[in-house]
Amino acid sequence: MNSSANDQPQYDVVVIGAGFAGLYALHRFRELGFSAAGIEKGGDVGGVWYWNRYPGARCDCESYYYSYSFSQELQRDWRWSLRYSEQPEILRYLNHVADRFDLRPHIRFSTTLRAAHFDETSGTWTLSFDHGPPLTARYLVSAMGCLSEIKTPDIAGLDDFRGEILHTAAWPHDGAALNGKRVGIIGTGASGVQVISRIASQVGELTVFQRTANWVIPVWNGPMAEEFQDWVQAHYAAIRQRCFTSTGGVPFPSPEHAALDLPEAQRTAILEEFWAKGGIRFFSAFSDIFTRHEANEVVCAFVRDYIRRTVRNPAVAEMLIPKDHHIGTKRPPMDDDYYKVFNRQNVRLVDLRAEPIVGFTSDSLITSSGAYGLDTLILATGFDALTGALLAVDICGRGGLSLREVWANGARSLLGLAVAGFPNLFLITGPLSPSVLANMPTAIEQHVNWIADCLQELRARGARMIEPLAGPQEDWTRHVADVAEATLYRDSRSWYFGSNVPGKPRQFGVYVGGFGNYADKCRQVAASNYDGFTID
Ligand code: NAP
């Protein structure tokens with residue numbers, strides 16, 4: 001740490017967040033000789049894996065690729081117990097990374113960034129927090145995450161409920177006593193589905209309040225067999241290489257067939273084959289799932305049939321079948337037991353479209369059709385995704401320009417990495433990058449490596465500032481929208497569009513042109529003297 005005399009900032013870089021992104025960024029920048037500090041709202045490292053401790057929390061990507069690739073030794077030494085690891089194991093992994101690379105002493109925990117203001121004269125950021133002294137830094141790097149700003153649901157009369165209220169993304173660290181209780185849950189996205197499956201056999205009664213049904217895909221989770229671990233270790237270089245070049249940042253081949261080119265029998269055979277692979281691989285069955293209604297419908301029909309075969313009560317099965325969106329165009333939850341849970345005697349499904357919530361009493365949720373007695377209410381109601389964490393901070397760039405104002409009608413960024421008017425600010429997996437539609441650790445490493453190369457280049461040139469130009473930023477912002485418009489995503493209402501947050505401008509916040517293509521584009525920008533950026 002330098003003294004803050006004159007215009008010398010205290011740090012070269014301050015990284016906000018100590019999850020997957022923040023830990024690697026801090027490590028990488030320090031390794032390159034930059035003075036770097038981390039700021040973390042949570043009491044320890046882990047990011048989403050620190051906060052989302054709800055029962056059943058698990059990653060929907062397989063751990064052998066949902067993990068860091070930057071250290072061969074780390075990769076060699078760490079063994080996963082399950083193919084799709086659960087939250088405690090992923091959190092242990094991130095703690096191990098923090099210790100192994102000695103990152104903890106450089107992070108200020110339990111500290112929330114309130115404001116970040118750029119000073120044009122010194123070319124530095126001044127950061128202030130909910131407590132503790134402010135900091136100055138040449139570069140500010142957001143590793144705040146895409147799904148970290150909890151969306152408080154606006155549910156009529158919730159304050160009248162006197163039972164326990166839990167949010168999946170702020171789960172008590174010492175757990176919640178649910179055994180034998182009457183538990184209600186609002187929300188059937190990825191978080192809700194996992195909780196429901198895990199607690200159904202443990203609670204006395206479980207009432208699932210569903211507003212919108214989701215397509216839920218099995219992952220066929222199980223132990224990470226020794227032979228598979230050995231195979232992965234032997235092939236890691238190729239696996240990682242594939243992740244960095246593939247469409248989704250995952251080590252699987254692209255689809256070989258378009259559904260609409262195949263006869264029905266062959267389509268069904270392929271669907272069965274990919275259903276057996278499970279998880280996100282199911283969506284690689286056909287190349288036209290995300291672009292052609294008819295192809296998507298082939299897949300919907302297959303899953304509809306599975307739901308009807310699995311759920312014994314036909315009326316409940318019909319309620320669980322989505323009617324409002326193409327499969328995959330809202331983030332599909334993934335779980336092996338979800339539909340079976342609705343065959344249990346102690347589980348009931350309430351359709352909030354048919355009977356909306358009208359209020360609460362001290363011990364019940366009241367819908368237009370009746371009262372449901374509850375001891376505990378779980379909110380699995382999601383996040384102000386993609387932009388929420390950034391806009392929760394008062395970020396001001398050149399001339400006091402506020403990010404909240406600049407993004408009032410939707411996010412603008414160049415490559416999701418930086419924003420015009422906000423020099424020396426970098427966003428890891430920021431809005432308009434592939435982020436949540438790529439394998440996150442791969443997307444994170446690609447961004448951190450790009451930023452690290454950029455910082456080295458600026459250091460080598462003796463430059464003080466880098467910032468996107470407005471024209472290229474507008475081109476990229478439009479391109480991201482155009483690419484999404486050419487897919488079936490355009491028809492959905494989801495947090496990808498900000499539709500879950502009242503008043504949020506409708507904008508598809510993710511680049512869906514393919515992670516490998518995107519990484520190439522980032523490389524080209526760097527290779528062409530940071531084309532699209534201005535360097536001072
Ligand atoms: P989400 O997908 O946004 O789901 C929120 C749920 O709450 C939806 O079912 C929504 O219904 C419902 N809801 C919200 N407000 C409501 C209200 N006022 N009344 C009734 N229902 C309401 O949130 P999430 O499940 O936390 O997941 C967010 C994302 O986090 C996921 O899509 C995924 O990317 C990530 N995640 C990943 C994993 C994993 O890897 N395993 C696990 C959990 C989360 P509507 O659909 O009708 O709005």
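Just so we're clear, the structure is a prediction, and the values are computed from it rather than from any experiment.

How each quantity is defined
- Starting from 1, residues in each chain are numbered consecutively following that chain's sequence as written.
- The model is predicted, so local features are restricted to residues of pLDDT at least 70 and side-chain atom pairs to those at 80 or more, both for listing and for counting; the totals for chains, interfaces and linings are taken over all residues.
- As a convention, hydrogens and water are excluded, and side-chain values are obtained from all of the structure's heavy atoms.
- When two rings of Phe, Tyr or Trp (its six-membered ring) have centres within 6.5 Å they constitute a pair, described as stacked for plane angles under 30 degrees, edge-to-face for angles over 60, and tilted for the intermediate range.
- Secondary structure follows DSSP: runs of H or I at least 4 residues long count as helices, runs of E at least 2 residues long count as strands, and numbering of each begins at the N terminus.
- Each residue gets one of three labels from its accessible area relative to the maximum for its type: buried under 20%, exposed over 50%, partly exposed in between, using a 1.4 Å probe on protein chains only.
- The criterion for a residue being near a molecule or strand is simple. One of its heavy atoms has to lie within 4 Å of it.
- Whenever a nitrogen or oxygen atom comes within 3.5 Å of another N or O atom, the pair is scored as a polar contact, on the condition that within protein one atom can donate a hydrogen and the other can accept it, and that pairs from neighbouring residues in sequence are kept only if both atoms are in side chains.
- The protein chains shown are the only cover counted for residues, whose accessible areas, like all others here, come from Shrake-Rupley with a 1.4 Å probe.
- Salt bridge, as used here, is a side-chain nitrogen of Lys or Arg placed within 4 Å of a carboxyl oxygen of Asp or Glu.
- A score between 0 and 100, pLDDT records how confident the predictor is in each residue.
- We call two residues contacting when some pair of their heavy atoms lies within 4.5 Å.
- A patch is a set of surface residues, each over 30% in relative accessible area and not in a salt bridge, joined within 9 Å for like charges and within 5 Å for the nonpolar side chains Val, Leu, Ile, Met, Phe, Trp and Tyr.
- Working convention for charge: Lys and Arg count positive, Asp and Glu count negative, and His plus the chain ends are omitted.
- One atom stands in for each charge, and that atom is NZ of Lys, CZ of Arg, CG of Asp or CD of Glu.
- Two strands make a pair as long as DSSP finds a minimum of two bridges between them.
- Lines fitted to C-alpha atoms define the axes, with helix axes restricted to the stretch in contact, and inter-axis angles between N-to-C directions lie between 0 and 180 degrees.

## Points about the packing of aromatic side chains
Tallying each qualifying case throughout the model produces 42 aromatic pairs. Relative to Tyr66, the ring of Trp49 has its centre 6.0 Å away and its plane inclined at 80°; by these criteria the two rings are edge-to-face. You can see Trp49 sitting in helix α2 (residues 48-51) and its partner Tyr66 sitting in the loop between α2 and α3 (72-77), a full 17 residues away along the chain. For Trp49, a relative accessible area of 9% translates into the label buried. Taking the relative accessible area as the measure of exposure, Tyr66 reaches 9% and is therefore buried. Ring plane angle 80° and centroid distance 5.1 Å describe the contact between Tyr338 and Phe342, whose orientation is recorded as edge-to-face.

## Notes on the site of the ligand
Around the ligand, a shell composed of 25 residues is seen, among which Arg58, Ser191, Gln194, Arg211 and Thr212 lie nearest. In the model, a nitrogen atom of the ligand is placed 2.9 Å from a nitrogen or oxygen of the Gln194 side chain. Protein contacts shield 86% of the accessible area of the ligand, which totals 910 Å² for the unbound molecule. Among the elements that make up the shell around the ligand, the one with the highest residue count is helix α5 (residues 190-199) (three residues).

## Regarding the pattern of salt bridges
Applying the stated criterion to the full structure yields 28 salt bridges. In this structure, Arg104 and Asp44 form a salt bridge, with 2.5 Å as the shortest nitrogen-oxygen distance. Residue Arg104 is found in the loop between α4 (87-100) and β3 (107-108), and its partner Asp44 is found in the loop between β2 (36-39) and α2; the two are separated by 60 residues along the sequence. Where Arg309 meets Asp305, a salt bridge forms, and the shortest distance between an N and an O atom there is 3.4 Å. Highlighted residues: Arg309 and Asp305, both in helix α8 (residues 293-310), separated by four residues, approximately one helical turn. Looking at Arg309, the relative accessible area reads 57%, which means it is exposed. What you see here is one network of salt bridges that share partners, running through Arg58, Asp60, Arg331 and Asp335.

## A look at the confidence of the model for the protein
The predicted structure's coordinates, where accompanied by low pLDDT, should not be read in detail. Of the residues in the protein, 99% reach a pLDDT of 70 or more, and the chain-wide mean stands at 97. Scored below 50 in pLDDT, residues 1-5 shows ten contacts in the model against residues more than four places distant or in partner chains.

## Considerations on a positive patch on the surface
Where like charges cluster on the molecular surface, the positive patch consists of Arg211, Arg353, Arg493 and Arg506. Looking at the element boundaries, Arg353 is found in the loop between β10 (347-351) and β11 (357-361). For Arg353, a relative accessible area of 55% puts it in the exposed group.

## A word on the sheet that holds β10
If you walk across this open sheet you meet the five strands as β7-β14-β8-β9-β10, and the pairing is parallel. The sheet is open, and its two borders are formed by β7 (164-167) and β10, each paired with just one other strand. On average, each strand axis in the sheet is tilted by 20° relative to the strand beside it, whichever way the strands run. Where β7 lies against strand β14 (residues 376-379), four bridges are found, and the strand directions are parallel. Bridge pairing links Leu166 to Ile378 in β14.

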